[in-house]
Amino acid sequence: MVGLSCGENHFIQGGIAQDLRCDGRKRLAYRPISVETGVIPQANGSARVRMGATDVIASVKCRLNFESQACCNLIKEKSRYILTAVQLQSQLLRSHSIGFRGRGGDELAAELSIALQRCLLGGKSGTAVVLMLVFFFSGAGINLSSLIVVERKICWDLYIDGLVVSSDGNLLDALGAAIKAALSNTGIPRVQVAAETSNNEQPEVDVSDEEFLQFDTAGIPVIVTLTKVGRHYIVDATSEEESQLSSAVSISANRQGNICGMTKRGGVGLDPSIILDMISAAKHVSDQVINKLDSEIASAEAEEES
Amino acid sequence: MEFVSPEGLRLDGRRPMEMRQIRAEIGAVSKADGSAIFEMGNTKVIAAVYGPREVQNRSQQISSHALVRCEYSMANFSTGDRMRKPKGDRRSTEISLVIRQTMEACILTHLLPRSQIDIYVQVLQADGGTRSACINAATLALADAGIPMRDFVTSCSAGYLNSTPLLDLNYVEDSAGGPDVTLGILPKLDKVTLFQMDSKLPIDILENVMQLAIEGCKAIASYIREILLENTNQLEYRRGV
């Protein structure tokens, strides 16, 4: 996507090998993250995250879902768990590089949506399923039971949308952080349901405009992408560094230290021991990132209130 | 339904001749050559300009002046109900065309032959008047990119409900079914570059409504001028002048 000469390629790879990247960072250091919440007042929750020149906006919108069919979807042991339509779509504001024109942009958007869905929501059942190069585990970040209004009848549908305003590498991490911030900014309106309703009728609901329930975001994971360049891996690659990648692994880990999802990109095969090594490096980095992000979100919300 | 109360107040508390609050910010997208965010009340749009740069499709290259392309899209979360198809639908194509023609009229394209200028406008929040907000944002973004222009293009909408000409309609007033006039002018040259209207209106009232819209455009033009002056001062300050 970025046109680099041979000399520039060598420079980037050499720098990474010596733990000194082009902008002076160490291999496992993130760019400064800045968070702004409430950028879209019409949405239930929104946030804008900037990591260097990468700029993304995430918004969360809620809608009541009355179809009991959708609410009764799956799962075996825990029948209380309701699959809501948490959809993720990424749109790209076209950039100047040719890779994003026309189809290229849509493919990248689809890839990001699926990766985010896997990392934040996890799979349907309790078993780990191997699907090509993607592994996913269940019951991940969002506690779906908090979205129930009436068991088996009414639930909230969450629509999470991501918009990439400007891309300079590491879109997945930025989108993950923006979604986490948007969810902590989300207020779900309180709903009063009329008591007397027969089973077939649609119950009367009164959606409050004043009172909001804050979403519980303690368990939402943060995505850390490790890009392997040569024999070392770096965190938070810029678009020039990403053009050098041989493979990249994105791991989402939450505060409790659990791994919620994992994706591997890139054509080069990885030795299993390297993958385990990357996982432990990612967990170590994710602790710092979670702390940093939580403090940024808290200060952004405080600023929004004032 | 009553859009103007007997005391002369509209649904959101404005007077008929009052515009919504406008706010603009230059340089929102760091990777673009020029960019701006423009807000008119609750309507918020972001515009990014890339160019002048080499024409991507050689067959479209024009040897005597620049090629201007424009793309308008709405974010999924921009309207009240989440939209399914953000671009490629008829309305977006039409608005892209309208914005392109409007901006083409003001850019000095003969100074930049064989090049391409791309304008991308994205609506983050829609509350009526998105067309106007997009044109205003595109003007700011073009100025930020340093592309030579004849004059700014500013745009504002006006309507006629309950026998009163109203300036700057929001979504509720727009969907009332009354006439909706969107006007785009070059303020210094005093020329109209965009004129669109829905529904029907007697000609003498149309003159009044159009005059009102021109006033609105001129007010936006003075605001845009202020913003750009402020921006230039900032740039000078950073250069140490």
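Since we're looking at a predicted model, the values are computed, not measured. (Residues numbered from 1 in each chain as written. Chains lettered and ligands numbered in written order. Predicted model: local features only at pLDDT ≥ 70, side-chain atom pairs only at ≥ 80, totals over all residues. Heavy atoms only, no water.)

In this section: the overall build of chain B. The number of helices and strands found in chain B is 4 helices and 9 strands. Reading the helices (α) and strands (β) of chain B from amino to carboxyl end gives β-β-β-β-α-β-α-β-β-α-β-β-α. In terms of C-alpha radius of gyration, chain B reaches 18 Å, essentially the compact-globule figure of 18 Å for 241 residues. By the burial criterion, 56% of the 241 residues in chain B qualify as buried. A sequence separation of at least 24 residues applies to 68% of the contacts in chain B between residues at least 6 apart. Of the roughly 11,100 Å² that chain B leaves accessible, carbon and sulfur atoms contribute 49%. Within chain B, the 29 negative side-chain charges are centred at a point lying 8 Å from the centre of the 27 positive side-chain charges. (Helix = DSSP H or I, 4+ residues; strand = E, 2+ residues; numbered from the N terminus. Rg over C-alpha atoms; globule rule 2.2 N^0.38 Å. Buried < 20%, exposed > 50% of the residue type's maximum accessible area, 1.4 Å probe, protein only. Contact = heavy atoms within 4.5 Å. Areas by Shrake-Rupley, 256 points an atom, 1.4 Å probe, with all protein chains shown as cover. Lys, Arg positive; Asp, Glu negative; His and termini not counted. Charge placed at Lys NZ, Arg CZ, Asp CG, Glu CD.)

Here we take up the pattern of salt bridges. Residue and element names in this part refer to chain B. In total, this model carries 24 salt bridges over all chains according to the counting rule given. In this structure, Arg23 engages Glu25 in a salt bridge whose closest nitrogen and oxygen atoms are separated by 3.9 Å. For Arg23, a relative accessible area of 44% translates into the label partly exposed. Judged by its relative accessible area of 31%, Glu25 falls in the partly exposed class. (Salt bridge = Lys/Arg side-chain N within 4 Å of Asp/Glu carboxyl O.)

For the rest of this paragraph, the subject is the state of the cysteines. Per the stated rule, a full pass over the model turns up 0 disulfides over all chains. Not part of a disulfide, B:Cys134 finds its nearest cysteine sulfur in B:Cys70, a span of 8.0 Å. (Disulfide = S-S within 2.5 Å.)

When the UniProt feature table is mapped onto this chain, "domain: Exoribonuclease phosphorolytic" (unreviewed entry) is found at residues 30-189 and 219-283 of chain A. Taken as a whole, residues 219-283 of chain A contains 25% helix and 40% strand, while its terminal C-alpha atoms sit 15 Å from one another. (UniProt positions renumbered as here; feature names shortened; annotations may be inferred.)

Backbone-to-backbone hydrogen bonds join strands into a sheet, with any given pair of strands oriented parallel or antiparallel. Residue and element names in this part refer to chain B. Here 4 strands make up an open sheet; going across it, the order is S7-S6-S8-S9 and the pairing antiparallel. With one partner strand each, in any of the chains shown, strand S7 (164-167) and strand S9 (191-198) form the two edges of the open sheet. Shown here is a sheet whose adjacent strand axes are inclined to one another by a mean of 20°, direction ignored. Alignment of strand S6 (residues 154-161) against S7, held across 4 bridges, turns out to be antiparallel. Of the residues in S7, the one forming a bridge with Ala158 is Leu167. Together, S6, strand S8 (180-186) and S9 form the strand contacts of helix H2 (residues 130-145), whose direction differs from that of S6 by roughly 165°. Sheet contacts for helix H4 (residues 203-239): S6, S7, S8 and S9; angle to S6, the most-contacted strand, approximately 145°. (Pairing = 2+ DSSP bridges. Axes fitted to C-alpha atoms, helices over the stretch in contact; angles between N-to-C directions.)

Right, let's talk about the UniProt feature "domain: Exoribonuclease phosphorolytic" (unreviewed entry) in chain B for a bit. When the UniProt feature table is mapped to this numbering, "domain: Exoribonuclease phosphorolytic" (unreviewed entry) covers residues 18-148 and 151-216 of chain B. Annotated as 27% helix and 41% strand, the span residues 151-216 of chain B places its first and last C-alpha atoms 17 Å apart.

Think of two packed helices as two axes; the pair is described by the angle between the axes and how far apart they sit. Residues and elements named next belong to chain A. Helix H6 (residues 272-305) packs onto helix H4 (residues 171-185) with a crossing angle of 45° between their chain directions and a minimal axis gap of 11 Å. Taken together, H4 and H6 sit at an angle that is classed as oblique. Note that H4 runs across H6; the crossing there is right-handed. Residues Ala177, Lys180, Ala181, Ser184 and Asn185 of H4 form the contact with H6, whose participating residues are Leu293, Asp294, Ile297, Glu301 and Glu304. Residues of the contact of H4 with H6, tallied by class, amount to 4 nonpolar, 2 polar and 4 charged. (Parallel < 35°, antiparallel > 145°, perpendicular 65-115°, else oblique. Left-handed = near helix turned anticlockwise from the far one by under 90°. Nonpolar A, V, L, I, M, F, W, Y, C, P; charged D, E, K, R; others polar.)

Bringing the nonpolar core into the picture now. Burial of nonpolar side chains together is a common tendency in soluble globular proteins. Grouped together as the largest cluster of nonpolar side chains are 60 residues, with contacts concentrated most on B:Phe38, B:Ile99, B:Met103, B:Ile119, B:Leu140 and B:Leu142. The element best represented in this core is H4(B), accounting for 11 residues. Leave out the neighbours within four places in its chain, and B:Ile119 touches B:Ala48, B:Val49, B:Val68, B:Arg69, B:Cys70, B:Glu71, B:Met103, B:Ala138 and B:Leu142. A:Val60, A:Leu108, A:Ala178 and A:Val285 belong to the second largest nonpolar core, which has 55 residues in total. (Core = buried A, V, L, I, M, F, W, Y, C linked by side-chain atoms within 4.5 Å.)

Moving on, we get to unusual backbone geometry. All names here are of chain B. In the segment running from Gly51 into Pro52, the intervening peptide bond is cis, with an omega of -5°. Within the fold, Pro52 resides in strand S3 (residues 43-54). Within the chain, Arg114 stands out as a residue other than glycine whose phi angle is a positive 60°. Counting through the fold element by element, Arg114 comes out in the loop between helix H1 (90-106) and strand S5 (115-125). Non-glycine residue Asp190 carries a positive phi angle of around 60°. As for its placement among the helices and strands, Asp190 is situated in the loop between S8 and S9.

Okay, helix H1 (residues 6-17) of chain A next. Residues and elements named next belong to chain A. The end-to-end C-alpha distance of H1, which contains 12 residues, comes to 17 Å, matching closely the 16 Å that a straight helix rising 1.5 Å per residue would cover. Those residues of H1 lying buried are Ile12, Gly15 and Ile16. Within H1, the buried residues cover an arc of 100° as seen down the axis, which keeps them to one side. For H1, the exposed residues lying more than 90 degrees away from the buried face are Cys6 and His10. Asp19 sits one or two residues past H1 and shows a positive phi near 65°. (Expected span 1.5 Å × (residues − 1). Arc of directions from axis to C-beta.)

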